[in-house]
Structures are given as structure tokens and as C-alpha cells.
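Each chain is listed here by its residues.
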Amino acid sequence: MTTTERGRQPTLTGRRVRLRPWRPDDAAAVLEACQDPEIQRWTQVPVPYTKEHAEGFVAGIAPQIWDEGGALFAVEPLGGAALVGSMGLFPPQDGVGEAGYWTAPGRRGRGCTADALRVLTDWALDVVGVHRVELLVDPANTGSRRVAERAGFLAEGTIRQRFLHRGQPSDVVLYARLATDLRPGA
Ligand SMILES: CC(C)(COP(=O)(O)OP(=O)(O)OC[C@H]1O[C@@H](n2cnc3c(N)ncnc32)[C@H](O)[C@@H]1OP(=O)(O)O)[C@@H](O)C(=O)NCCC(=O)NCCS
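Residues numbered from 1 in each chain as written. Predicted model: local features only at pLDDT ≥ 70, side-chain atom pairs only at ≥ 80, totals over all residues. Heavy atoms only, no water.

Draft legend 1. Main features of the site of the ligand. Within the structure, the ligand sits among 22 residues, and Gly109, Gly111, Thr113, Asn141 and Arg150 are positioned closest to it. In the environment of the ligand, an oxygen atom lies 2.8 Å from a nitrogen or oxygen atom belonging to the backbone of Thr103. Here an oxygen atom of the ligand sits 3.3 Å away from a polar atom, N or O, in the side chain of Arg108. Alone, the ligand offers 920 Å² of accessible surface; in the complex the protein occludes 73% of this. By residue number, the principal contributor to the shell around the ligand is helix α5 (residues 142-150), which donates six residues. A class-by-class count of the residues in the shell around the ligand yields eight nonpolar, nine polar and five charged. (Near = heavy atom within 4 Å. Polar contact = N/O pair within 3.5 Å; in protein donor to acceptor, adjacent residues only side chain to side chain. Areas by Shrake-Rupley, 256 points an atom, 1.4 Å probe, with all protein chains shown as cover. Helix = DSSP H or I, 4+ residues; strand = E, 2+ residues; numbered from the N terminus. Nonpolar A, V, L, I, M, F, W, Y, C, P; charged D, E, K, R; others polar.)

This is the structure in C-alpha cells:
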């Protein structure tokens, strides 16, 4: 699926943030961030979220996603080391990848997530070689919809009750950026 060497985890640099490989010593920050009700509301993280989940995320899930041809990055600020959040690309199929993310509550509202998503998507289109990156966002998740739009994604429509989210049929807005779309800011 990819022009990226399997298992190789690059570091990507944006205007505000750096995307780097997860490390075992990130587990404490992941554990703290994933107690956030908004992350638990809008993502598929386990609830309750335990130390074992955090350790499994950085040392098990992250390498597995890379092994399967996807990507899972820790996001940190340029010039700093504190964890901002997580930015990932599920293993692409048929040249289509799906991105997913969360940002720690104390790190929001600074444009970091939109920057990280733009960087991930540019890399997926230019280096990994997918032709389309998608996002599936709950219509009520205003923050994530704004992040998507800020990163150059276009809303293509609402898919009704297509997914089960914590046991409930849920609508999603399908967003996408294509390799042939104008780049955000261009
Ligand atoms: C959604 C989330 C990722 C936003 O992260 P963030 O770091 O605050 O986003 P940014 O600072 O990059 O914001 C980008 C834009 O979105 C806007 N925005 C962010 N959160 C918002 C909110 N709750 N309501 C309205 N606008 C919001 C910002 O004002 C900014 O707008 P601008 O481009 O006009 O300046 C974060 O709140 C989060 O992790 N939520 C829980 C997990 C989640 O929803 N993940 C996505 C699942 S699809």
C-alpha cells in the first residue's frame, strides 16, 4: 500500500507541532489525557481507561498499526516536549486511509490539532501514496469538524446510523481530502 518502508517511523514537522513515534515513557501522559470525558465521548478509547490501556497503546497498538501499514504518532509542540495528543492513519485499503486523533484537554484551542492533521494528511498523500484520506466525524462534534475543515478536508455528506458507537447506531459526517485537492493555505 505504501512507499514507506514497513516499520519505519518518521518524524514530521508542522508549523506548530512535531509528529514523532510513541515511546514507552509516554504512557503516563496518555493515561492522564484519556480520562477526559470528551475523548471518551467521541473516540473509541476503552472506558474506564486504565494504566494497562495506556501502556498497551504506546507499546502494542502503535507498533501494530505501523506493522499493518498505517501510522500512529505522538504530537508534541515545536520547542517543547509535553504531549499534545495522538494523530493516526489507520492502515489504508485500496489507496484510501482514515485518520483519527485526540488532543489532551490542556493543549486544545491553539491550532495544534489542525496543524497535526494537515501534516499527517500531506505525508499520507505525498509519501505513503494514498489518493484519499477520510475522516468520520459525529455531526455533533463541532470541534473535530472545525479541525477537519481547517486542515483542508471537504464534507461529502452524512452517513446515517452507519456505525455503532458504544453500542448506539451513530451518524457520521464523511470528510475527505484527495491528492488532487488544493492544499490548505495554498
Ligand atoms: C476536537 C479536538 C481534537 C480539537 O482539538 P484542538 O486542539 O482544540 O483543535 P485546534 O486548536 O487545532 O482547532 C482548530 C479549529 O477548531 C476550532 N475548535 C476546536 N474545538 C472547538 C470546539 N469545541 N467548538 C468550536 N470550535 C472548535 C478552533 O477554534 C479552531 O478554529 P479556527 O481554525 O477558526 O481558529 C479536541 O477537542 C479533542 O481531542 N476532542 C476529543 C476527541 C475527539 O473529538 N477526537 C476526534 C474524533 S473524530
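Past the structure itself, the notes keep going.
Draft legend 2. Spotlight on the environment of Thr113. One can find Thr113 in helix α4 (residues 112-128). Judged by relative accessible area, Thr113 falls into the buried class, the value being 16%. In this structure, the C-alpha to C-alpha distance between Thr113 and Ile39, residues 74 residues apart in sequence, is 13 Å. When residues no more than four places from it in sequence are discounted, the contact partners of Thr113 are Met87, Tyr101, Thr103 and Val147. At 2.6 Å, the side chain of Thr113 and the side chain of Thr103 are in polar contact. (Buried < 20%, exposed > 50% of the residue type's maximum accessible area, 1.4 Å probe, protein only. Contact = heavy atoms within 4.5 Å.)

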